Amino acid sequence: MKKLVILAIATVFLLAACGKNKVDDSAAKEYIKISKETITLFNEEKFDEMRTMFDATMKDALSVEQLQEVSDIVKESGEFVSFEKESIAKKEQYFVATIAAKYKEDNRVYTITLDEQQRVAGFFVK
């Protein structure tokens, strides 16, 4: 799990160092939609299906077992209630979606990085 956190943090810092570009509305809607689908699959523990959305690097870096470990931590927040806030930014060739999710006991913030082929290249939960 430490590898997951380190990988996610490294991805976020790497992408944060890159310049932001405005994302047009139709692309933003599509990348937000894909990010929410990823989070929904995660919440439903459909990890195999979720991993089909990953790029090759993420498939190698994040196993079903590691996703289960993270899911067990997120479960402490209670049942998923709703998506609250969302934003999207383009950084180099990546789109980074930040989505706040409300759970019964706590809130979580997801950062989903997607490549231009709409594959998940980064997945981070805070």
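Across all of its chains, the model carries seven salt bridges by this definition. Across the salt bridge formed by E37 and K33, the nearest N and O atoms sit 3.8 Å from each other. Highlighted residues: E37 and K33, both in helix α2 (residues 25-43), separated by four residues, approximately one helical turn. Overall, the relative accessible area of 34% leaves E37 in the partly exposed class. Residue K36 is joined to E86 by a salt bridge in which the shortest nitrogen-to-oxygen separation is 2.6 Å. Here K36, found in helix α2, pairs with E86, found in strand β2 (residues 80-91); they are 50 residues apart in sequence, far enough to count as distant.

With respect to the helices and strands, A56 occurs in helix α4 (residues 56-61). Note: C-alpha distance between A56 and V120 (64 residues apart in sequence) is 9.3 Å.

All told, the structure shown has seven aromatic pairs when counted by the stated rule. Taking 5.5 Å as the distance between ring centres and 75° as the angle between the ring planes, the aromatic pair formed by F80 and Y103 counts as edge-to-face. Within this pair, whereas F80 is found in strand β2, its partner Y103 is found in strand β3 (residues 94-103), the two being separated by 23 residues in sequence. Residues Y110 and F123 carry aromatic rings whose centres are separated by 6.0 Å and whose planes lie at 50° to one another, so their mutual orientation is tilted.

For the protein, per-residue confidence averages 87 on the pLDDT scale, and 83% of positions sit at 70 or higher. The model gives residues 12-19 a pLDDT under 50, and that stretch makes eleven contacts with residues more than four places away or in other chains.

Moving on to unusual backbone geometry. A positive phi angle is found at E92, which is not glycine, with a value near 60°. Relative to the elements of secondary structure, E92 occurs in the loop between β2 and β3. One non-glycine residue, Q118, lies in positive phi territory at about 65°. Taking the relative accessible area as the measure of exposure, Q118 reaches 33% and is therefore partly exposed.

Formed by 29 residues in total, the largest nonpolar core has its most connected members in F42, M50, L67, Y110 and F123. Sorting the residues of this core by element identifies α2, α3 (47-51), α5 (64-74), β3, β4 (107-114) and β5 (120-125) as the ones contributing at least two each. Here the element with the most residues in this core is α2; it accounts for eight residues. For Y110, the contacting residues outside a window of four places in its chain are I39, F42, N43, V74, A97, T98, I99, A101, Y103, F123, F124 and V125.

A separate point is the pairing of β5. Buried residues dominate β5, accounting for six of its six residues. By the bridge criterion, five bridges tie β4 to β5 in an arrangement that is antiparallel. Bridging across to β5, L114 finds its partner in V120. Counting the residues in the hairpin turn of β4 and β5 gives five residues, including Q118, whose phi is positive at 65°.

Calculation notes
- Residues numbered from 1 in each chain as written.
- Predicted model: local features only at pLDDT ≥ 70, side-chain atom pairs only at ≥ 80, totals over all residues.
- Heavy atoms only, no water.
- Salt bridge = Lys/Arg side-chain N within 4 Å of Asp/Glu carboxyl O.
- Helix = DSSP H or I, 4+ residues; strand = E, 2+ residues; numbered from the N terminus.
- Buried < 20%, exposed > 50% of the residue type's maximum accessible area, 1.4 Å probe, protein only.
- Phe/Tyr/Trp six-rings, centres within 6.5 Å; stacked < 30°, edge-to-face > 60°.
- pLDDT = per-residue confidence, 0-100.
- Contact = heavy atoms within 4.5 Å.
- Core = buried A, V, L, I, M, F, W, Y, C linked by side-chain atoms within 4.5 Å.
- Pairing = 2+ DSSP bridges.

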